[in-house]
Amino acid sequence: MSSGRSRKLILGFLMVGILLMLVPVQDRIHRARPQVFDPDRKIKRVSAISVGPTPAVIAALGGFRTVAADLLWLKAERVWDGGSWWAMLPILDAVTELDPQFVLAWQVYGWHAAYNLHAESETIVDKRYWLDRGVTILEKAVEANPDNWEMIFELGWTLYDRAHEPWRASEYFYRADQFPGAKSYVSRLYYRCFEGVLDFERLFPALEYAKGRHTDPNVSDDVQHQVIANRDYDWWVQHKDDPQEHRRQIVLENTKRAERSVPFYLYPDDPYWQVCPICGLPSPKGSDVCSVCGAPVKQLSERAGRPSPASIPPDRTEL
Amino acid sequence: MNPQLAFLIGLFIVIVALVLTRRQWAPAAVHAVPSVWRIAKITVAEARRRRVIQAVVILVVLILISMTFFSYLSPQEQSRMLISGGLAAITVFGILLAIFIAAFLIPQELESRTVYAILAKPVRRFEFVLGKYVGALIILAAIVATMTVVLVGVLMLQDSLVQDLPDSAFNPNLKGVVFAAIMNYFAIAVLTGLIILISTVASTTMTVISAFIIWAVGSLQSTISDLAAHAELPVTKALLTVVYLIVPKLENFDFRNEVSNFVPISYGTGWEAVIQGIGYTAVVLILASIFFNDRQV
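Since this is a predicted model, take the numbers as computed values, not measurements.

Chemist: So, the overall build of chain A: which residues are in play, and what are the values?
Modeler: For chain A, the count of helices and strands is 14 helices and two strands. For chain A, buried positions account for 39% of its 319 residues. Counted over contacts in chain A with a minimum sequence separation of 6, partners at least 24 positions apart contribute 48%.

Structure representation (structure tokens):
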């Protein structure tokens, strides 16, 4: 074999050797950045194919997804200013498809569906649809950003404040609170979930948990948190066995919702709530009497209705 | 293949190849350093004479400064827009300049016949290729550094001007921006090596076209890998796998999304990408030297 050919052969081996040595490096990079490289991850940063043939896709092809998302975000701002609320949906959808780590876009998208479009809808079926859509959007957002406490909190808040699913919301508040940097109100909202539904089995452990969080006396927010958490704990210890007070709490909660025109929308097979045929207000399932008016449980209809705010008695706060 | 096994086999092959050729590469390496440095300096001097590069850099600087006009957005949105737009500008113009600098380096020497004068001196062909590459790296480092300094300056200026809101603060994320720009430079360096390889065998036009395609495909390597994993036809699967293995993984160096979204960055992964890029570039430059050596000049 000539020296030239043998040299090329050796160089060829050298190149193969170098490439083989790079295999574990690429393997480590794949594992370290699952949001980019993990094929099993349901939501991926690269979703240009699913977005469709838009200019955003062309930009995305060059690795400029973030810029494409920004440009669409600016468009969404203009659409919002123009009052075209329904036109925002496809734009926000494209933004979050292009850049699933854009937390603000997810928050606005979920909030827009669960709050604005819910409020804009005229029928109960439509309202329910937009509420569910908002929750689904935020669930996708949490899937795409599992390490972002703000995203998890946003889902918890929508479930708590809009969907009136405090038990589900509590799971997300608790999860969000485990991340460093989570604000103190997250741990307080965790126990607030159980306050409104008088779930004492979970309320007191949650209160204890919240008292044990954010305890730095040198941080003003922590000091404030301790004052509030201890005050709430003492209040519930004092009123734990006071059924009148419980009713008042529930009615106050209902009043707050009615004032904001956010009636209860119960599923036909709602696992937590049933509507009392006497007072027309939702009452937690599993109790012997209606927690608002005290009617015996046997009189409670198994049929779950959707009372309008108007059906809530005007003097409800005076109970 | 098991990554650890692949590494051990690779290491064994590299050591054997280096031991077998030690009589050739050891003295050649000592001789190569001054020659490569001289050619690199000439390449930088030639590039400095080209006004178009300076014009492009000035254009980018103006674009970056003009990006401060998003004052109607919230502070958080402003910082995101500035960071993502600024890093995108650095990437686009960095890559464009890399393509137009690297694609002309060797063909221009051949066309103007100055290569004869250089190769008539005691300069080996691989030293010539390496010198051109190092020269291009120095020029591109200066360009990327200039653009990064301007972006950092704009971010710092905006940080001092924008008034934070209770729930929305301007976050310049300077550490992340500088890191993303450095990674961007390494991506450009890998692409430059590949462009030099193509320019040793193809015409300038072909080199430029190929560079754009490689840039696009290299930026979508995770998609290529997904498509290969889900391809039903064996031919398609094999083709996509080959593309995935050959084309540089420019996505490894892309941290712009994480930085723009203020997501914590795993800096170690970035340096692993650099190691991967250096290995890939070494292979590419060895190939370029072989092709240039075989070329009738």
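Picking up where we left off.
Chemist: Before we move on, could you go through the overall build of chain B and cite the residues and values that matter?
Modeler: A tally of regular secondary structure across chain B gives twelve helices and zero strands. Beginning at the N terminus, the succession of helices and strands in chain B can be written as α-α-α-α-α-α-α-α-α-α-α-α. Along the first, second and third principal axes, the C-alpha set of chain B runs to 70 × 50 × 35 Å. When burial is assessed residue by residue, chain B has 43% of its 297 residues classed as buried. Of the contacts formed within chain B by residues at least 6 apart in sequence, a portion of 82% connects residues at least 24 apart.

Chemist: Can you break down the confidence of the model for chain B residue by residue, with the values?
Modeler: Looking at chain B as a whole, its pLDDT mean stands at 86, while 99% of the residues score no less than 70. Of all secondary-structure elements in chain B, the lowest mean pLDDT belongs to helix 5 (residues 114-120) of chain B, at 78, while helix 7 (residues 174-199) of chain B reaches the highest, 94.

Chemist: Break down the interface of chain A and chain B for me, with residues and values.
Modeler: Tallying the contact residues gives 40 residues for chain A and 50 residues for chain B. Counting residues per element, the ones that place at least two in the side of chain A that touches chain B are helix 1 (3-32), helix 2 (34-37), helix 5 (65-81) and helix 7 (103-120) of chain A. Broken down by element, the residue count for the side of chain A that touches chain B peaks at 21 residues, all from helix 1 of chain A.

Cut-off values and rules
- Counting of residues starts from 1 at the beginning of each chain's written sequence and follows it residue by residue.
- Each chain is given a letter, starting from A, and each ligand a number, starting from 1, according to the order in which they appear as written.
- Two thresholds apply to this predicted model, a pLDDT of at least 70 for residue-level local features and 80 or more for giving and counting side-chain atom pairs, whereas whole-chain, interface and lining totals are computed over all residues.
- Helix and strand assignments follow DSSP, with helices taken as H or I runs no shorter than four residues and strands as E runs no shorter than two, numbered in order from the N terminus.
- Note on burial: count the other C-beta atoms lying within 10 Å of the residue's C-beta; 20 or more is buried, 12 or fewer is exposed, in between is partly exposed, and C-beta positions come from the backbone.
- Two residues qualify as a contact pair if the distance between their C-beta atoms, derived from the backbone, is within 7 Å.
- For every residue, the predictor reports its confidence as pLDDT, a number between 0 and 100.

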